[in-house]
Amino acid sequence: MANAYPAQAFCSRKHRMKNEDSAGQLTASTIDMTVDAVRVHESDKRIQPISFRELVPEIKDTGYLTHSIFYYPAKFIPHVVRYALKSFTKEGDWVVDPFAGSGTVGVEAYICGRNAFLLDLNPLLNYMMPLKVYTDTERLRETHLSQMLEGLEKSTNPFTPAWSNIAYWYPPEMLEVLSRYWGFIKSSEDNPYTAIIQSSLLKAGKHFSYAEHRTPKLFRSKSKLKYVEELLQTDWRGKLSEMIRGHSLETLRRLNDFATLTSQHNSCIEFEGGVDSSYYSFQREFDALITSPPYLQAQEYMRTVKMELFWLGYNDEEIRKLSRLEIPYRKADRIIETPTLDKIRVALTRDDLVKLLDSYFCHTINALENGMSQLKEAGTACIFIGNPLIDGIKVEIWRILMEYFMDNGYGFENLYEDRIKHRQLFGTRKNKNPDGMKSEFLLILRKER
Ligand SMILES: C[S@@+](CC[C@H](N)C(=O)[O-])C[C@H]1O[C@@H](n2cnc3c(N)ncnc32)[C@H](O)[C@@H]1O
């Protein structure tokens with residue numbers, strides 16, 4: 001297939017690693033093992049340095065159009081997805097993302113005229129996608145949104161989440177107002193305006209609470225308690241209304257811009273949040289898989305979005321059930337063995353970390369393999385991963401996945417390394433990453449049988 005990005009970083013086929021190369025030989029020659037460290041020689045020839053941001057200059061802003069409506073931890077930068085779509089799929093193809101998160105693959109697929117099927121354990125996907133891929137041809141009207149917002153202010157019908165310790169998270173007066181606002185949403189017709197206001201309430205509901213709103217993790221901090229105490233001395237009701245209104249209008253404009261840009265597009269974006277991708281039964285085949293699995297020591301996504309899920313109507317038991325399926329916080333049901341993973345397992349001295357590692361690779365591979373089993377012959381899997389440290393040992397996730405899948409019917413296509421320069425965020429605080437560089441890898445595999 002013609003490559004849409006023939007720039008410098010895309011190597012010609014003859015320079016790519018051939019499938020006949022032996023994974024074992026490569027692994028042995030590139031890893032130097034000591035009892036508590038795995039060092040990887042930089043001379044690994046398969047790694048193609050790349051800058052996705054430079055390679056996809058038409059995307060000027062990572063949050064363009066609807067990408068930034070929702071905050072989501074560890075989102076894809078859209079450049080990576082655009083690059084994979086343009087390089088490994090053509091118009092009308094079907095793409096699957098088993099770890100869809102906030103649906104970046106869905107947005108990019110629609111813009112590029114591809115169809116996408118998105119899955120995630122997090123049910124928020126079901127609330128985000130109808131806004132992020134807004135396909136109505138009729139423009140949304142600000143006047144209508146304003147009328148709805150007036151109705152929201154007048155609402156007298158409260159909705160209280162089934163959250164046993166909700167009083168821990170809200171001062172009573174803020175809880176009273178938010179409950180009335182949510183009562184309005186619950187009793188309104190399901191339409192794009194309600195969905196827009198709901199997305200604003202999700203944002204404002206965290207800001208106007210004791211939960212720290214500047215980090216994804218759900219926790220109460222002393223500084224946030226102080227912030228809320230001070231806020232209560234001001235016109236906080238006016239500020240809350242202003243936040244909801246501002247966010248709603250901004251979202252409406254983004255939806256209209258998205259609809260204008262894609263008015264001639266008619267791709268299909270299907271999604272299902274709240275499901276475990278490892279055991280999902282697919283009904284179709286795909287031309288490509290494009291995904292970014294959870295991090296090894298990942299955010300606990302379910303814990304992170306608990307507050308939002310309660311407001312949306314989930315209860316304790318439903319959230320607990322989902323949390324038990326989250327990677328890597330669940331028990332492994334098989335042990336993955338590859339040369340690199342086996343060496344790391346031996347080097348680890350802590351049992352809890354071995355368990356974490358086993359759980360991570362078991363369930364990440366189960367979900368990837370489940371999605372990849374639906375790939376057509378010669379279909380491509382594009383997997384975006386980092387190289388985390390576990391107890392000081394570098395875990396080359398791409399290498400472990402490559403070893404596993406090359407033994408199971410897939411050929412190696414390419415491996416890109418994107419080095420991202422980070423600004424030091426915390427003035428005097430020790431930077432864990434002293435060279436200021438962080439790499440992420442895009443591993444490309446091709447289905448052979
Ligand atoms: C790195 S995030 C993906 C972010 C996504 N690429 C984006 O741009 O928003 C990994 C995702 O894996 C999901 N996840 C964790 N365990 C899962 C499971 N068992 N089945 C499906 N998804 C799971 C998490 O909810 C999270 O959204």
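Please read these numbers as outputs of a predicted model, since none were measured by experiment.

Calculation notes
- Residues numbered from 1 in each chain as written.
- Predicted model: local features only at pLDDT ≥ 70, side-chain atom pairs only at ≥ 80, totals over all residues.
- Helix = DSSP H or I, 4+ residues; strand = E, 2+ residues; numbered from the N terminus.
- Buried ≥ 20, exposed ≤ 12 C-beta atoms within 10 Å, placed from the backbone.
- Contact = placed C-beta atoms within 7 Å.
- Near = placed C-beta within 6 Å.
- Nonpolar A, V, L, I, M, F, W, Y, C, P; charged D, E, K, R; others polar.
- Core = buried A, V, L, I, M, F, W, Y, C linked by C-beta atoms within 7 Å.
- Domains from an automatic or database assignment.
- Axes fitted to C-alpha atoms, helices over the stretch in contact; angles between N-to-C directions.
- Parallel < 35°, antiparallel > 145°, perpendicular 65-115°, else oblique.
- Left-handed = near helix turned anticlockwise from the far one by under 90°.
- Pairing = 2+ DSSP bridges.
- pLDDT = per-residue confidence, 0-100.
- Expected span 1.5 Å × (residues − 1).

K.L.:
Would you take a moment to explain the overall build of the protein chain for this structure?
P.N.:
Scanning the protein chain from terminus to terminus reveals 16 helices and 12 strands. Relative to its full complement of 449 residues, the protein chain shows a buried share of 39%. Of the contacts made within the protein chain by residues no fewer than 6 positions apart, 79% connect residues no fewer than 24 positions apart.

K.L.:
Is there a simple way to explain the site of the ligand in this structure?
P.N.:
Near the ligand, the surroundings consist of 23 residues, among which Phe-76, Phe-99, Gly-101, Ser-102 and Thr-104 are the closest. When contributions to the shell around the ligand are tallied by element, the ones reaching two or more residues are strand E5 (115–120) and helix H15 (351–372). Here the residues of the shell around the ligand are counted per class, giving 11 nonpolar, eight polar and four charged.

K.L.:
How should I be thinking about the nonpolar core in this particular structure?
P.N.:
Where a protein is soluble and globular, its nonpolar side chains tend to be buried together. Ranked by internal contacts, the top residues of the largest apolar core, which has 116 residues, are Val-80, Val-95, Leu-289, Ile-290, Cys-382, Leu-401 and Leu-443. Residue-level mapping places this core at the junction of two domains, with at least three residues from each of domain 1 (13–135 + 262–447) and domain 2 (142–259). For Leu-443, the residues in contact, after removing those within four places along its chain, are Ile-383, Ile-385, Trp-398, Leu-401, Met-402 and Leu-415.

K.L.:
Mind showing me how you'd approach the environment of Ala-211 here?
P.N.:
Within the secondary structure, Ala-211 sits in the loop between helix H8 (192–207) and helix H9 (222–232). A count of 21 C-beta atoms within 10 Å places Ala-211 in the buried class. With 96 residues separating them in the primary sequence, Ala-211 and Met-307 have C-alpha atoms 9.1 Å apart.

K.L.:
Help me understand the packing of helix H6 (residues 142–154) against H8, please; the structure alone is not making it clear to me.
P.N.:
When two helices pack together, their arrangement is given by the angle between the helix axes and the distance between those axes. At a minimum axis distance of 10 Å, the contact between H6 and H8 shows a crossing angle of 60°. Taken as axis vectors, H6 and H8 run oblique relative to one another. Along this stretch, H6 crosses H8, giving a crossing that reads as right-handed. The residues of H8 that touch H6, namely those facing His-144, Leu-145, Met-148, Leu-149 and Leu-152, are Tyr-193, Ile-196 and Ile-197. Tallied by class, the residues present in the contact of H6 with H8 amount to seven nonpolar, one polar and no charged.

K.L.:
Explain the pairing of E5 to me, please; I cannot follow it from the model alone.
P.N.:
In the case of a regular strand, side chains alternate between the two sheet surfaces. Extensive coverage of E5 is indicated by the burial of six of its six residues. Residues Asn-115, Phe-117 and Leu-119 of E5 are buried on one face, and the alternating residues Ala-116, Leu-118 and Asp-120, pointing to the opposite face, are buried as well. Here four bridges tie strand E4 (residues 94–97) to E5, and the two strands are oriented parallel to one another. What sits directly across from Trp-94, in E5, is Asn-115.

K.L.:
So what exactly am I meant to see when it comes to the packing of helix H7 (residues 172–187) against H8 here?
P.N.:
The contact between H7 and H8 brings their axes to 10 Å, and the two run at 160°. When the axes of H7 and H8 are compared, the pair comes out roughly antiparallel. For the crossing formed where H7 meets H8, the hand is left-handed. Between H7, through Leu-178, Tyr-181, Trp-182 and Ile-185, and H8, the contact on the second element is made entirely by Thr-194, Ile-197, Gln-198, Leu-201 and Gly-205. Classifying every residue of the contact of H7 with H8 gives six nonpolar, three polar and no charged.

K.L.:
Got a minute to help me understand the confidence of the model for the protein chain in this structure?
P.N.:
Close reading of the predicted structure is inappropriate where its pLDDT is low. For the protein chain, the mean per-residue pLDDT works out to 87, and 86% of the residues sit at or above 70. Scored below 50 in pLDDT, residues 422–437 makes eight contacts in the model with residues more than four places away or belonging to other chains.

K.L.:
What is the right way to look at the environment of Gly-183 in this model?
P.N.:
In this fold, Gly-183 is placed in helix H7. Between the alpha carbons of Gly-183 and Leu-152 there is a distance of 8.7 Å; along the sequence they are 31 residues apart. Excluding its chain neighbours within four sequence positions, the residues that come into contact with Gly-183 are Ser-155, Asn-157, Pro-158 and Phe-159.

K.L.:
Is there a simple way to explain unusual backbone geometry in this structure?
P.N.:
The peptide bond linking Ile-327 to Pro-328 adopts the cis configuration, its omega dihedral lying at 0°. Locating Pro-328 in the fold gives a position in the loop between helix H13 (316–323) and helix H14 (339–347). Although it is not a glycine, Ala-74 sits at a positive phi angle of roughly 55°. Locating Ala-74 in the fold gives a position in the loop between helix H2 (52–55) and helix H3 (78–88). Note on Ala-74: 16 C-beta atoms within 10 Å, which makes it partly exposed. Phi is positive for Asp-391, which is not a glycine, with a value near 55°. Within the element layout of this structure, Asp-391 appears in the loop between strand E9 (389–390) and strand E10 (393–394).

K.L.:
Honestly, H15 in this entry has me stumped. Any pointers?
P.N.:
In an α-helix, one turn spans 3.6 residues, which is why side chains three or four residues apart end up on the same side. Taking 1.5 Å per residue, 22 residues should reach 32 Å; H15 reaches 31 Å between its end C-alpha atoms and fits that length. If you check which residues of H15 are buried, you get Leu-357, Tyr-360, Phe-361, Cys-362, His-363, Thr-364, Ile-365, Asn-366, Ala-367, Leu-368, Gly-371 and Met-372.

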